[in-house]
Amino acid sequence: MDLEKPSPSPSPSPSPSPSPSPTPTQQHDQAQQGPEGCLVVAVRLPVRIVVLVLVVPVRIVWDALVVAGRFLSDAVLRPVGRGLAWTLVWLGRVLFVWPLVGLWRYGLVPFGKALAWLGHVLVVVPSVWLYRYVLTPVGRALAWCGRGIGAALAWCGRGIGAVVAWVYARVLTPVGHAFMWVLGGLGAGLAALGVGIYAVVAWLVRYLVVVPAVWVYEWILTPVGHAIAWCAKGLVWVLSMVVTGFGIALYWIARILLVLPALALWRWVLVPVGRVLAVVGREIGEALGHAWRIAGHISLAVGRFLGTFFRWIFVEPVRWAYRSVLTPVGHVVRDAVLRPAAEAARSVGRATRQALASARESARQARADFRRMVFGEPRQAGAVERREPTGRDTRTLGTSTTALTKD
């Protein structure tokens with residue numbers, strides 16, 4: 001642990017002793033530290049000692065909690081989690097999957113098939129019969145009537161079209177031409193009248209509205225507007241000067257009363273205090289890092305010591321007792337007690353099975369004798385002549401394998 005400021009190297013001697021080369025982490029730390037003052041060195045040593053004393057118990061407790069957590073996770077939580085997962089899966093299958101499968105297989109599928117059969121019987125078959133034996137003949141009859149009515153309407157339409165064409169050519173066309181000639185004359189008269197009225201209205205509007213409005217704009221509104229604009233400009237200049245004066249006065253008041261004291265406080269108080277606090281915080285952080293790493297080594301050593309102590313106090317005596325005492329005793333008990341007992345149990349089982357087999361055979365013989373005594377001997381089936389040749393005879397030209405052609 002680096003607790004002191006690195007001292008300058010002594011002058012080279014004629015026979016220099018080999019020194020260990022610094023690690024890349026130490027070189028990086030030395031390159032980042034740079035030149036350090038007496039304040040840093042004075043703060044570093046007590047801070048690191050205090051932090052090391054405070055961090056070592058915390059690190060030991062942390063490592064103990066980590067080991068306990070790993071053991072608890074491996075020995076308790078994972079098996080319990082797997083058991084819970086298997087239980088949940090089994091419960092899900094029992095409560096949801098199997099009832100849904102049973103409902104689908106034995107409820108919905110038969111119900112759907114029944115509905116499909118009813119729909120086919122009650123809807124499809126009557127619809128096909130209605131379409132085939134009712135709607136098709138009716139449609140064909142309507143089509144035949146429609147074709148007849150269409151032919152009659154076409155003949156009437158051709159007659160009505162001829163009459164309408166004659167009326168249009170001989171009556172409506174002359175009347176329309178006469179009407180258009182009358183409308184043309186009326187339009188020309190109305191256009192001339194409209195032009196005269198427009199000229200009179202335009203002259204009246206020009207000399208009664210436009211000319212007086214232009215005179216009022218040039219000789220009254222324009223001078224009044226110029227005067228109002230000049231007054232507004234003067235008022236704006238006065239207000240701008242007043243606002244500028246107030247702004248300058250407020251600026252200097254704020255600068256003297258707020259900015260300069262705040263700048264002095266920042267430059268001569270906060271910056272030095274912040275630098276000192278930064279040095280202290282950096283040293284505390286580095287001390288925490290070093291103390292945590294050293295505490296890790298100490299915790300590892302303590303853990304190894306406790307593990308070795310536990311092994312020599314508990315594990316090794318238990319292992320010696322199991323290997324030197326329990327194992328020979330177990331072998332003696334196995335060879336002297338368990339194996340003879342198992343052999344005797346197997347012998348008793350074999351004898352029991354043989355006795356039961358003999359009893360079953362005796363009971364079977366007794367039943368057979370009783371049936372022969374009551375019903376007599378069973379009738380023997382007579383030999384039946386085979387109509388097919390056996391497979392051991394050789395087939396020749398004078399023999400046959402069919403029942404119709406054999407001798």
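Criteria and cut-off values
- Residues numbered from 1 in each chain as written.
- Predicted model: local features only at pLDDT ≥ 70, side-chain atom pairs only at ≥ 80, totals over all residues.
- Heavy atoms only, no water.
- Helix = DSSP H or I, 4+ residues; strand = E, 2+ residues; numbered from the N terminus.
- Buried < 20%, exposed > 50% of the residue type's maximum accessible area, 1.4 Å probe, protein only.
- Contact = heavy atoms within 4.5 Å.
- Areas by Shrake-Rupley, 256 points an atom, 1.4 Å probe, with all protein chains shown as cover.
- Salt bridge = Lys/Arg side-chain N within 4 Å of Asp/Glu carboxyl O.
- Core = buried A, V, L, I, M, F, W, Y, C linked by side-chain atoms within 4.5 Å.
- Phe/Tyr/Trp six-rings, centres within 6.5 Å; stacked < 30°, edge-to-face > 60°.
- Lys NZ or Arg CZ within 6 Å of the ring centre and 35° of its normal.
- pLDDT = per-residue confidence, 0-100.

A. Spatial organisation of the overall build of the protein chain. On a plain count of helices and strands, the protein chain comes out with two helices and zero strands. Going through the 407 residues of the protein chain one by one, you find that 5% of them count as buried. At a minimum sequence separation of 6, the contacts of the protein chain that also span at least 24 residues come to 71%. Here the protein chain displays about 34,700 Å² of accessible surface, and carbon together with sulfur accounts for 73% of that area.

B. Structural view of the pattern of salt bridges. Across all of its chains, the model carries 10 salt bridges by this definition. A salt bridge links Glu316 to Arg311; its shortest N-O distance comes to 3.5 Å. Of the charged contacts, one joins Arg319 and Glu316 as a salt bridge, the two residues approaching to 3.5 Å between their closest N and O atoms. Taken together, the positions of Arg319 and Glu316, both in helix H2 (residues 38-375) and three residues apart, correspond to about one turn of that helix.

C. Region of interest: the nonpolar core. If you look at the biggest cluster of nonpolar residues, it comprises eight residues: Val47, Val51, Leu52, Val55, Val56, Ala287, Ala291 and Ala295. If we ignore the near neighbours within four places in the chain, the residues touching Ala291 are Val51, Leu52 and Val55.

D. Geometry of the side chain of Ser299. With respect to the helices and strands, Ser299 occurs in helix H2. Ignoring any residue separated from it by four or fewer positions in sequence, one finds Ser299 in contact with Arg59, Ile60 and Asp63.

E. Representation of the packing of aromatic side chains. Applying the stated criterion to the full structure yields five aromatic pairs. Each ring, one from Trp203 and one from Tyr207, has its centre 5.2 Å from the other, and the planes form 45°; the classification is tilted. Separated by four residues within a single helix, Trp203 and Tyr207 lie in helix H2, roughly one turn from each other. Given the relative accessible area of 52%, Trp203 is considered exposed. Here Tyr251 and Trp252 contribute two aromatic rings whose centre-to-centre distance is 5.6 Å and whose plane-to-plane angle is 75°, an arrangement assigned as edge-to-face. For Tyr251, a relative accessible area of 47% puts it in the partly exposed group. Note that Arg206 overlies the ring of Tyr207, its terminal NZ or CZ placed 5.8 Å from the centroid.

F. Representation of the confidence of the model for the protein chain in the model. Averaged over the protein chain, the pLDDT score is 80; the fraction of residues at 70 or greater is 82%. The low-confidence segment residues 1-20 (pLDDT under 50) makes 11 contacts with residues lying over four places distant or belonging to another chain.

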